[in-house]
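Structure at a glance
In case you want the letters, here they are:
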Amino acid sequence: MATGIEPSPQAGATGVQDASRAAIPARHLRTDRWWLAPAVTAAGLLAFIVYSTWRAFANADYYHAPYVSPFYSPCLAQNCETMHGGPNWELFGSWWGLSPALLILIFPLGFRLTCYYYRKAYYRGFWASPPACAVAEPHKKYTGETRFPLILQNIHRYFFYFAILVAGVLTYDTALAFRDEHYNWGHMGLGTVVFLVNIALIWAYTLSCHSCRHVVGGRLRHFSKHPVRYRLWGWVGKLNERHMLLAWSSLISVALADFYVFLLATGAFDDPRFF
Amino acid sequence: MSAQQEVKQSAAYLAQFRVWRGDPDGGGLEDFKVEVNEGEVVLDIIHRLQATQAPDLAVRWNCKAGKCGSCSAEINGRPRLMCMTRMSVFGRDETITITPMRAFPVVRDLVTDVSFNYTKAREVPSFVPPAGVAPGEYRMRQEDVNRSQEFRKCIECFLCQNTCHVVRDHEENKGAFAGPRFLMRIAELDMHPLDAAPASGLDRKATAQDEHGLGYCNITKCCTEVCPENIKITDNALIPLKERAADRKYDPLVWLGNKIRRRE
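An unreviewed UniProt entry annotates chain B as Succinate dehydrogenase/fumarate reductase iron-sulfur subunit of Streptomyces piniterrae. The Sequence similarities (unreviewed entry) comment attached to chain B in UniProt states, word for word, "Belongs to the succinate dehydrogenase/fumarate reductase iron-sulfur protein family." In the Pathway (unreviewed entry) part of its UniProt record, chain B is described as follows: "Carbohydrate metabolism; tricarboxylic acid cycle."

As annotated in an unreviewed UniProt entry, chain A is Succinate dehydrogenase from Streptomyces piniterrae.

Next up, the structure:
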């Protein structure tokens, strides 16, 4: 009897049309709109890539007291705008002539690029591997995440550690948003609300990460010996169930926060102040 | 005729079916019109087809209750259990296409040779009993076994194995890749509070990557989508197993931590 793992005469080239399988010429027989989800996902990600690339390279209109765009925080080069009490940290000195956003965005970009949800999204949406369940992929060969470069997806946890630091800085920026344009404390505007919503979503997305779930307790075999970590693991697990939702909502909120600062900085309108 | 019988009779209709018929030498989709009654599932219709029009139609089934995992097939291109797919989810004028699972060698009609899965099952080293604890003396806390118990709901219908593109679209990967069902089994054992594999020198975290092809999984979640038991295979088994493999193979900090203080 066949064990089912002997290479067939046409192994590797045919997938569902392999000679041993049911002779069905079609790549798939799905009748639902299976293409809709990957198409919407790809369109959404593409829109963000275009917007964030434009804003990251613009090197302008990212600060309007007291708000700093999350794309430019912390600002690590000397060519940053001076932000009173803000996240200026001139680690890179004066030799850096490009946009300072490029220095910091590598970390959130790496975090999202290696994120378990986004991997699913772009493998399906951009690489069609697979385009949808039970829809044959167009590639002749597949090695997944077994070799370079995709084996680097395993460093996701390090980007998670950096993401915590970045979220900490953005929390500081949100605290700074409780000042007015003259840097006096105890004020609040519409921008403060935008920043508060954004930082809440950023933290929720960061803490719902699968690596976070593993680090806080998932790696244990005996939860009963670690009751605090077990409880933390349970909380992160509840957030983790909404990881996709949080990934999208935080992606949109960070773009909106940046766009809000851009509108203020270009003088499109004045920040409505509550007090 | 009673009122109830009249209602039953009026609810019946003829549905258009396309069923794959053939064997390893070839075959194709054949058209049938079959009576459908209220409350029926796809497997009921296949049985009616067998009883009235195609007595030699081959189909594997057993419990008709979604618990034996025998009647796996593809219905309108989607991997599903025929006994758990209600006819009411389809429009009355819709043509319903039924084929065998397309990742495994076909035997005849809707029956496939799923022995690939049994081969893979044998490749996973079984539970290693702890030393000094006799059978019957095993004691575990509920919170320590909750995770594994979710995976024990598996009915081995092999729909996840069938839909996983790693082997469905790439026959050549069948040798190297265990598939979601058996990677889940490895996760279950690695999370088992009494499994003594580490003490016996077996590192399930490392072998999941090295010997069972965990790296092939690109977590696109089709296994989770098709699971009739709603096991969160990707989020609760495969990704935690990937993180455990990363602990062993790609994280020098964890390696150092384990050297300094042995953690379990």
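Right, let's talk about the overall build of chain A for a bit. Broken down by element type, chain A carries eight helices and two strands. Secondary structure elements in chain A, listed N-terminal to C-terminal, are α-β-β-α-α-α-α-α-α-α. With the C-alpha coordinates aligned to their principal axes, the bounding extent of chain A is approximately 80 × 50 × 40 Å. Counting all 275 residues of chain A, 40% fall into the buried class. A separation of at least 24 residues holds for 66% of the contacts in chain A among residues at least 6 apart in sequence.

Once that is clear, we can look at the packing of helix α6 (residues 210-218) of chain A against helix α10 (residues 233-249) of chain B. For the pair α6 of chain A and α10 of chain B, the least separation of the axes is 10 Å and the interaxial angle reads 70°. In terms of their interaxial angle, α6 of chain A and α10 of chain B are classed as roughly perpendicular. Residue-level inspection shows H210, S211, H214 and G218 of chain A of α6 of chain A in contact with α10 of chain B, the latter providing I239, P240 and E243 of chain B. Here the contact of α6 of chain A with α10 of chain B is built from residues that sort into two nonpolar, four polar and one charged.

A few words on the nonpolar core. Among the nonpolar cores identified, the biggest contains 120 residues, and F17, M82, L183 and L241 of chain B are the most heavily contacted of them. The biggest single contributor to this core is helix α8 (residues 243-265) of chain A, with eight residues. Mapped onto the domain boundaries, this core takes at least three residues apiece from domain 1 (11-112) and domain 2 (115-260) of chain B. In this structure, L241 of chain B is in contact with L183, I186, A187, D190, A208 and L214 of chain B, ignoring residues within four places of it in sequence.

We now examine the sheet that holds strand β1 (residues 13-23) of chain B. All names here are of chain B. Reading across the sheet, the five strands line up as β2-β1-β5-β3-β4 and stay open at both edges, with mixed pairing between neighbours. With one partner strand each, in any of the chains shown, β2 (26-36) and β4 (78-81) form the two edges of the open sheet. Strand-to-strand twist across the sheet, computed as the mean angle between neighbouring axes with direction ignored, equals 30°. Two strands pair when backbone bridges link them, and β1 and strand β5 (residues 95-99) are joined in this way by four bridges, in the parallel orientation. In the sheet register, V19 faces β5, and the bridge partner there is I98. Against the sheet, helix α2 (residues 42-52) touches β1, β2, β3 (72-75) and β5, its axis set at about 100° to β2.

This part covers the domain arrangement of chain B. Residues and elements named next belong to chain B. In terms of domain boundaries, chain B breaks down into domain 1 (11-112) and domain 2 (115-260). Using C-alpha coordinates to define each centre, domain 1 is positioned 32 Å away from domain 2. With twelve residues of domain 1 in contact, the opposing surface of domain 2 contributes 13 residues. Looking at the side of domain 1 that touches domain 2 residue by residue, the classes come out as seven nonpolar, three polar and two charged.

Criteria and thresholds
Residues numbered from 1 in each chain as written. Chains lettered and ligands numbered in written order. Predicted model: local features only at pLDDT ≥ 70, side-chain atom pairs only at ≥ 80, totals over all residues. UniProt positions renumbered as here; feature names shortened; annotations may be inferred. Helix = DSSP H or I, 4+ residues; strand = E, 2+ residues; numbered from the N terminus. Buried ≥ 20, exposed ≤ 12 C-beta atoms within 10 Å, placed from the backbone. Contact = placed C-beta atoms within 7 Å. Axes fitted to C-alpha atoms, helices over the stretch in contact; angles between N-to-C directions. Parallel < 35°, antiparallel > 145°, perpendicular 65-115°, else oblique. Nonpolar A, V, L, I, M, F, W, Y, C, P; charged D, E, K, R; others polar. Core = buried A, V, L, I, M, F, W, Y, C linked by C-beta atoms within 7 Å. Domains from an automatic or database assignment. Pairing = 2+ DSSP bridges.

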